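Below, each chain spelled out in residue letters.
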Amino acid sequence: MSSRKSKSSNLIQADYVSQVQRILRERFCHQSPHGNLFGVQVQYKHLIELLKRTAIHGESNSVLIIGPRGSGKTMLINHALKELMEVEGVSENILQVHLNGLLQINDKIALKEITRQLNLENVVGDKVFGSFAENLSFLLEALKKGDRTSSCPVIFILDEFDLFAHHKNQTLLYNLLDISQSAQTPVVIIGLTCRLDILELLEKRVKSRFSHRQIHLMNSFSFPQYLKIFKEQLSLPSIFPEKIFAEKWNENVQSLSEDRSVKEVLQKHFNVSKNLRSLHMLLILLLHFWFCLGNMLALNRVTPSHPFITAADLMEANQLCSMDSKGNIVHGLSVLEICLIIAMKHLNDIYEEEPFNFQMVYNEFQKFVQRKAHSVYNFEKPVVMKAFEHLQQLELIRPMERTSVNAQREYQLMKLLLDNTQIMNALQKYPNCPTDVRQWATSSLSWL
Amino acid sequence: MAYCSARLRTRQTCSWVGRPLLDQKLHYQTYKEISVKREGYSTEIHIQVGQFVLIEGDDDENPYIAKVVELFEDASELYSKKRARVQWFIRFCEVPICKQHLLDRKPDTQEIFWYDNPTCDNNISVETIIGCVRVVALAPDEVMPIDLKNEKTFFVKLSWNKKKFKPLPPEVLAQLDKLQEDNHRYQKSMEAKTKSAESPSWTTTEHAVKRIESRHSTSKSRHTASHPVTPRARKRLELSNLGFPRTPNTRISQATSCASLDSPGRMKRKVAFSEIMSPSKRSLPDGSQTSSPALKTPEKTRDIQHSCTKDARKTSPDHGMILRTRVPALKATETSEERILTPTSRGRKSSVVPSVILKPEYIKRREGKEPEVRDEAPSTSRIRRKSSILTLNRIRQQLRFLGNSKSDQDDEEFLPAAEISDSDSEEEEASTTPLPRRTPNSMSRNLRSSMKSSLQTPSKTPKKTPQPRTPRDATPQIRSRNLPAQEPTNMLEEARLRLHVSAVPESLPCREQEFQDIYNFVESKLLDHTGGCMYISGVPGTGKTATVHEVICCLQQAAQANEVPPFQYIEVNGMKLTEPHQVYVQILQKLTGKRATANHAAELLAKRFRTQASSQETTVVLVDELDLLWTQKQDVMYNLFDWPTHKGARLVVLTIANTMDLPERIMMNRVSSRLGLTRMCFQPYTHSQLQQILLSRLRHVKAFEDDAVQLAARKVAALSGDARRCLDICRRATEICEFSCQKPGCPGLVTTAHLLEAIDEMFSSSYITAIKNSSILEQSFLRAILAEFRRSGLEEATFQQVYIQHVALCRMEGLPYPTMSETMAVCSRLGACRLLLVEPSRNDVLLRVRLNISQDDVLYALKEE
């Protein structure tokens, strides 16, 4: 081992680096229930108690887990289910049904899916038989047969719960909630949704049957906690095979979290959004910059020059994160197209956000060209038209109403989808921007 | 089945065969045989009195089965003058689904039941007869003979009197047996004409004895009964005995064998008519048939008896048996008269009317002090109307009640007879006899479900091969748990269990008035044998459905105690249907167990409810969530409310919905008019009612402080008056209490603090906390929206406008410049939470933004920090 290490310690280190990369990427991309929960202990306790009561006592319940996107709703329920399954004698005593409002777009499909997942008698292989009406009465019959003490409890998890509320008559929700409120097979219905007004979506009968139990996930952590999460997410687990490397790595992460510039970047990110998913996004980008751009090239040269994450990586990642996408598109436009956009901007200034058509833009552009008497910009009208259409394809401009076949395209009213500041910022960065164009952009009255 | 499809649309022509036997008393002519000829078919069907026939019914697959008791021509009937009086048999599938479980075994597919219901109209038109069928009576523990399992053979083991299955009364059994033999012979003799009229008499006697024995030990094989010689011989003897005209025609001779059955009925009628006749005289015709040897028989009877002792023994073998068993108990002349009578009634079991006559006679003799019965008894002989029979039954019941109190001994002696005769009237049976084998009322769930499945997929029929049909006939069930559910261990858990909405309370407090009203409504309809509709409205969670359930439960108990007529209860829920027309399918399935498409089910139901079918018991239908049954044409609602208005429908429809003015709002005039004005509104619970509900559930559990209960009640009453909410709050409060008190070990009482927390959790709007917990950029975006609204004076702004404000705000607060993409992400996040209402994001910067909460709330939430 030692001889090998001496021979090519660099190679081994490269091996560690790729291992670290794999572990971290797995952590950020997969919502594994093995990770830690942050700041939702109370909610978790509530949920797990509820699930246990259903599993052990056979009590029916219904609960909604509400929180903005990326706040860890699915993570919470996955954790709770994992813990529940670890309780002795529960795992074989419980049935789970997972539904998603995006997949089960109507009650018919949802019923089939429920029947399939419950493995009822009308399931042969993986197919469910019977018409919609038959399936419904069949399922209701099945669930009605049971009672609190003798039947196996069923956990229904409805992801994107709000979409189920848009089903016709809310039949599925009514029936599920009705079962939870009557002495039938014990069920617990867990709805996951990001909509705060979910209760208003429920029909009054459905609403009355819902127990009004809500678990809110609010991302209610402060920046120091956020920093701690950042640190924990990047730290290597203690089971990492190479202890020395792991220690070094963790030390690096610790020092990174105390770095001022890193804190700044994180603070900025925290200001934009508090949810952990966006933090994960940032970290994935960070990994990308560190591993792919820093080390992949280095690996070819055998010496991993970049074994640890630096603050610069993070800054780069953040820049990518907070980039203005439309500004980037403007960077890739031709000078003619830039000129057209500037013309549109002036039109907007003059006519106070009123829509414009191609002819107006062309006239404005012609004014500029004549003023400067530049032959460079003197394009044929069809060429300008082509550039204009290209802008429309890029959705930088947008027609006011739908294009009709016989309408003349020159006179179709358009609106600019760029903000003034965006245009100015883009122009600042635009490579090789002619000065007169830049001047024209700052003021339409520059010829005065 | 094949033979029913053949008769479907063919016209039948019927003609009497043989001379009419004029009945002077009844003014109509009876016949022995009728021939039915179908158009397009060369074959004629001859139907004789005593034969078993199939009768056209609602269901083409399963025609009704009955035995012809009498064939007569009735001029009073308008369309079909040719009438028949029948004794019904019913199939298992005709037994109401809710009662099917009373038969605690799997019925054979060809098993039918002796229908023991005097109120059932047994006067039918001959044209409805489809064809002959064979019916074999079996002793209760006999197995179905496999060799006889062909389509046209049915087996009778039990009788059904709308309440329970009972073994066939022995004399019915015997009679059926005999008939079946006749039938059998009839079939055989179609080829082999009768030759040997005089068979050695010892054979018949011996055979009769054998039969008696076999009656006793029912395990004996049945093939002796179908011995080809004996019945013929017996027939001859009977003929000589009764003096019927003999014709060389085989058919007639067959008919006469059955006539022995019929004749006593007419004799009895005679007896009933001449009421003043002495008992001895009356016993003469009876004795001629039954030959009850132990009694002090009058001279004339004895002559006849003497001449035909053997015949008699063989004609009614089990009469002899019963008599034998009874003789020791013989005491007084009074009872002896009864004995004479009872066999007679047995002999004529199949005709209903005379037995009705018989009863009052018997009672009169026992009571001797009820003059009005005496007056009535002769007149009833002519009455065929069901209603009068019913009233008669009632009087009879009353009389019996008096009689019962009179002498217990008499009663006890009479028991067997009563049991025999109760195959005619259910009231008698219920009030007198404890059954020898009472079917258990409650059965395990599994058994019931397995029975249901067996009904749908016959597993033993040789012809209908039970294919492995998958989905629809399977019994759905969630698998049962391996580990038993834990019972509550402490006070709070107990309270939680009781507070669960599903926990059924012993009684529903605070809905006494509504309960009474609904109960009275349904009960009156049941007693009057009419139908009607009722509309019940009320906001969710006010106990509408629960109250109706309780009413039905009470009525079912009352029906078991015979206080109200039995009825069938069906529940459908508009929300549990995939589309309104499915309601027909559900009702039909619960009513008859049949499956049909919506259209077909509607037809069948309409047929059932629109045609006079007095054999049915009243049906009570609960339609929950009525508003979901709305269709463009409103045909579903129309039908539901229209059926009860038909004369013989006997349908009570209870409808439940939320809105009080539903009939006015969504129903057409013709629909709401049929719904009628019987309305009831469940008011939301007041706080004192809610408190009472909570206290009644927590009666023996001390888990709540009194103040806490009151708080919950008042809070919910102020919000909605929804009892479910109230219970849920309290349940949550127990959890919070348990959670917070975990350290000391023993959880204390639920206090108002816990309850307030629970209320807060359930009802507080989460918008403000959501805003408070949102990121800084999200908050400043909301501020920008407010600023833009203030600037423009509108409640709506485009994203671009807000963005400009947002950029300005960020600059003011020293935040880094927010890019358009970031701000757009913020906006869509807020939109996903529905803090903002935003257009689809394809509008990009032009999308319009509105607040989903009031500006004040936003300001309040933002100011807090």
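What counts and what doesn't
Residues numbered from 1 in each chain as written. Chains lettered and ligands numbered in written order. Predicted model: local features only at pLDDT ≥ 70, side-chain atom pairs only at ≥ 80, totals over all residues. Heavy atoms only, no water. Helix = DSSP H or I, 4+ residues; strand = E, 2+ residues; numbered from the N terminus. Buried < 20%, exposed > 50% of the residue type's maximum accessible area, 1.4 Å probe, protein only. Contact = heavy atoms within 4.5 Å. Areas by Shrake-Rupley, 256 points an atom, 1.4 Å probe, with all protein chains shown as cover. Core = buried A, V, L, I, M, F, W, Y, C linked by side-chain atoms within 4.5 Å. Pairing = 2+ DSSP bridges. Axes fitted to C-alpha atoms, helices over the stretch in contact; angles between N-to-C directions. Salt bridge = Lys/Arg side-chain N within 4 Å of Asp/Glu carboxyl O. pLDDT = per-residue confidence, 0-100. Arc of directions from axis to C-beta. Buried area = accessible area lost by both parts, 1.4 Å probe. Polar contact = N/O pair within 3.5 Å; in protein donor to acceptor, adjacent residues only side chain to side chain. Nonpolar A, V, L, I, M, F, W, Y, C, P; charged D, E, K, R; others polar. Phe/Tyr/Trp six-rings, centres within 6.5 Å; stacked < 30°, edge-to-face > 60°. Lys NZ or Arg CZ within 6 Å of the ring centre and 35° of its normal. Parallel < 35°, antiparallel > 145°, perpendicular 65-115°, else oblique. Left-handed = near helix turned anticlockwise from the far one by under 90°. Expected span 1.5 Å × (residues − 1).

K.L.:
Any chance you could explain the overall build of chain A here in plain terms?
P.N.:
For chain A, the count of helices and strands is 21 helices and nine strands. Looking at chain A as a whole, 53% of its 448 residues are labelled buried. Partitioning the intrachain contacts of chain A with sequence separation of at least 6 by distance along the chain shows that 73% fall at a separation of at least 24. When the accessible surface of chain A is summed, it comes to about 20,100 Å², and 53% of that surface belongs to carbon and sulfur atoms.

K.L.:
Just checking my understanding: could you explain the nonpolar core for this structure?
P.N.:
As a rule of thumb, nonpolar side chains are buried together in soluble globular proteins. Among the nonpolar cores identified, the biggest contains 78 residues, and A:Leu118, B:Phe781, B:Leu782, B:Ile785, B:Phe799 and B:Leu836 are the most heavily contacted of them. For this core, the element with the highest residue contribution is helix α31 (residues 776-792) of chain B, accounting for seven residues. Ignoring anything within four residues of it in the chain, the contact list for B:Phe799 reads B:Phe781, B:Met820, B:Thr823, B:Met824, B:Cys827, B:Asp844, B:Val845, B:Leu847 and B:Val849. Among the nonpolar cores identified, the runner-up in size contains 38 residues, and A:Trp249, A:Val253, A:Val265 and A:Phe291 belong to it.

K.L.:
How should I be thinking about the sheet that holds strand β6 (residues 187-193) of chain A in this particular structure?
P.N.:
Pairing between the strands of a sheet comes from backbone hydrogen bonds, and it takes one of two forms, parallel or antiparallel. All names here are of chain A. The strand order β2-β5-β6-β1-β7 describes an open sheet built from five strands, whose pairing is parallel. Pairing within the sheet leaves two strands with one partner each, and these edge strands are β2 (95-100) and β7 (214-216). Recorded for the sheet is a direction-independent mean angle of 15 degrees between the axes of neighbouring strands.

K.L.:
What's the story with the pattern of salt bridges in this structure? I'm lost.
P.N.:
Per the stated rule, a full pass over the model turns up 41 salt bridges over all chains. The salt bridge involving A:Arg209 is made with B:Glu625; its shortest N-O contact spans 3.9 Å. Residue A:Arg209 is located in helix α10 (residues 204-209), and its partner B:Glu625 is located in the loop between β16 (618-624) and α23 (635-642); the two belong to separate chains. B:Glu625 matches A:Arg209 in its accessibility class, with the two residues each being buried. Where A:Lys367 meets A:Glu364, a salt bridge forms, and the shortest distance between an N and an O atom there is 3.5 Å. Linking A:Lys367 with A:Glu364, this pair stays in helix α18 (residues 358-372), spanning three residues, or about one helical turn.

K.L.:
Help me out: how do you make sense of the side chain of A:Thr115 in this one?
P.N.:
Residue and element names in this part refer to chain A. Inspection of the secondary structure assignment puts Thr115 in helix α5 (residues 107-118). Here Thr115 falls in the buried class, since its relative accessible area comes to 0%. Setting aside residues no more than four positions away along its own chain, Thr115 makes contact with Leu120, Asn122, Val123, Val128, Phe138 and Leu139.

K.L.:
For this particular structure, what's the right way to read the confidence of the model for chain A?
P.N.:
Averaged over all residues, the pLDDT of chain A is 84; the fraction at 70 or higher stands at 91%. Note that pLDDT drops below 50 for residues 1-7 of chain A; the model gives that stretch three contacts with residues more than four away or on any other chain.

K.L.:
Which parts of the structure should I look at to understand helix α20 (residues 420-429) of chain A?
P.N.:
Because each turn of an α-helix spans 3.6 residues, side chains separated by three or four positions end up pointing in the same direction. Inspection of α20(A) places A:Gln422, A:Ile423, A:Ala426 and A:Leu427 among the buried residues, and these make up the whole buried set. Looking straight down α20(A), one finds that the buried residues subtend no more than 130 degrees of arc, so they occupy a single side. Summarising the geometry of α20(A), the exposed residues directed more than 90 degrees from the buried face are A:Gln428 and A:Lys429. Among the structural elements, α16 (325-331), α17 (335-351), β9 (414-416) and α21 (435-442) of chain A together with α33 (820-832) of chain B are those in contact with the buried residues of α20(A).

K.L.:
What is the right way to look at the confidence of the model for chain B in this model?
P.N.:
Do not read the predicted coordinates in detail wherever pLDDT is low. Residues and elements named next belong to chain B. Residues of chain B with pLDDT of at least 70 account for 55%, and the chain-wide mean is 68. Low confidence marks residues 185-392, where pLDDT is under 50. Its contacts with residues over four positions away, or in another chain, come to 316 contacts. Counting interchain partners and residues more than four positions distant, the pLDDT-below-50 stretch residues 401-473 has 143 contacts. Overall fold confidence (pTM) sits at 0.66, and the ipTM for the predicted complex is 0.90.

K.L.:
Even after reading the chapter, I still don't get the environment of B:Leu651, so can you show me in this structure?
P.N.:
Within the fold, B:Leu651 resides in strand β17 (residues 651-657). Separated by 84 residues in the primary sequence, B:Leu651 and B:Phe567 place their C-alpha atoms 9.6 Å from one another.

K.L.:
Sorry, what's going on with the interface of chain A and chain B here?
P.N.:
Interface extent is often summarised as the accessible area lost during association of the parts. Taken together, the 98 residues of chain A in the interface contact 83 residues of chain B. For the chain A and chain B pair, buried surface summed over both sides reaches about 7,700 Å², with 52% attributable to carbon and sulfur atoms. Sorting the residues of chain A by area buried against chain B places A:Lys145, A:Leu196 and A:Arg205 first, and these three jointly supply 9% of that buried surface. Inspection of the region where chain A meets chain B yields nine salt bridges. A salt bridge links B:Asp627 to A:Arg205, with the nearest nitrogen and oxygen atoms 2.7 Å apart. Across the contact surface, chain A and chain B share 27 residue pairs in polar contact (both at pLDDT 80 or more). The biggest single contributor to the side of chain A that touches chain B is helix α6 (residues 132-145) of chain A, with 11 residues. When the residues that make up the side of chain A that touches chain B are grouped by side-chain class, the tally is 33 nonpolar, 35 polar and 30 charged.

K.L.:
Explanation requested: the pairing of strand β18 (residues 679-682) of chain B in the structure shown.
P.N.:
The side chains of a regular strand alternate between the sheet's two faces. All names here are of chain B. Along β18, the buried face is formed by Met680 and Phe682; none of Arg679 and Cys681, which line the opposite face, is buried. As paired elements, strand β14 (residues 532-538) and β18 share four bridges and run parallel to each other. Residue pairing for β18: Ile536 is matched across the bridge by Met680.

K.L.:
Help me understand the packing of aromatic side chains in this model?
P.N.:
For any pair of aromatic rings, geometry is given as the distance between the ring centres together with the angle between the planes. Tallying each qualifying case throughout the model produces 14 aromatic pairs over all chains. In this structure an aromatic cluster arises from ring pairing among A:Phe221, A:Phe223, A:Tyr226 and A:Phe270. The lysine or arginine in question, B:Arg670, covers the ring of B:Tyr638, its NZ or CZ lying 5.9 Å from the ring centre.

K.L.:
How should I be thinking about the packing of helix α28 (residues 723-740) of chain B against helix α29 (residues 752-763) of chain B in this particular structure?
P.N.:
What describes two packed helices is the angle between their axes and the distance between those same axes. All names here are of chain B. Contact geometry of α28 with α29 gives a least axis separation of 8 Å together with a crossing angle of 120 degrees. Taken together, the axes of α28 and α29 lie oblique to each other. Note that α28 runs across α29; the crossing there is right-handed. Residues Arg725, Asp728, Ile729, Cys730, Arg732, Ala733, Ile736, Cys737 and Ser740 of α28 form the contact with α29, whose own contacting residues are His754, Leu755, Glu757, Ala758, Ile759, Glu761, Met762 and Phe763. Residue composition of the contact of α28 with α29, grouped by class: 10 nonpolar, two polar and five charged.

K.L.:
What is the right way to look at helix α3 (residues 41-57) of chain A in this model?
P.N.:
Residues and elements named next belong to chain A. Taking 1.5 Å as the rise per residue, α3 with 17 residues should run 24 Å; its terminal C-alpha atoms sit 23 Å apart, in good agreement. The complete set of buried residues in α3 reads Gln43, Tyr44, His46, Leu47, Ile48, Leu50, Leu51, Arg53, Thr54, Ala55 and His57. Immediately downstream of α3, the backbone of Gly58 shows phi near 75 degrees, a positive value.

K.L.:
Is there a simple way to explain the pairing of β14(B) in this structure?
P.N.:
In terms of burial, β14(B) is a largely internal element, seven of the seven residues being buried. Of the two faces of β14(B), both are covered, the one formed by B:Gly532, B:Met534, B:Ile536 and B:Gly538 as well as the one formed by B:Cys533, B:Tyr535 and B:Ser537.

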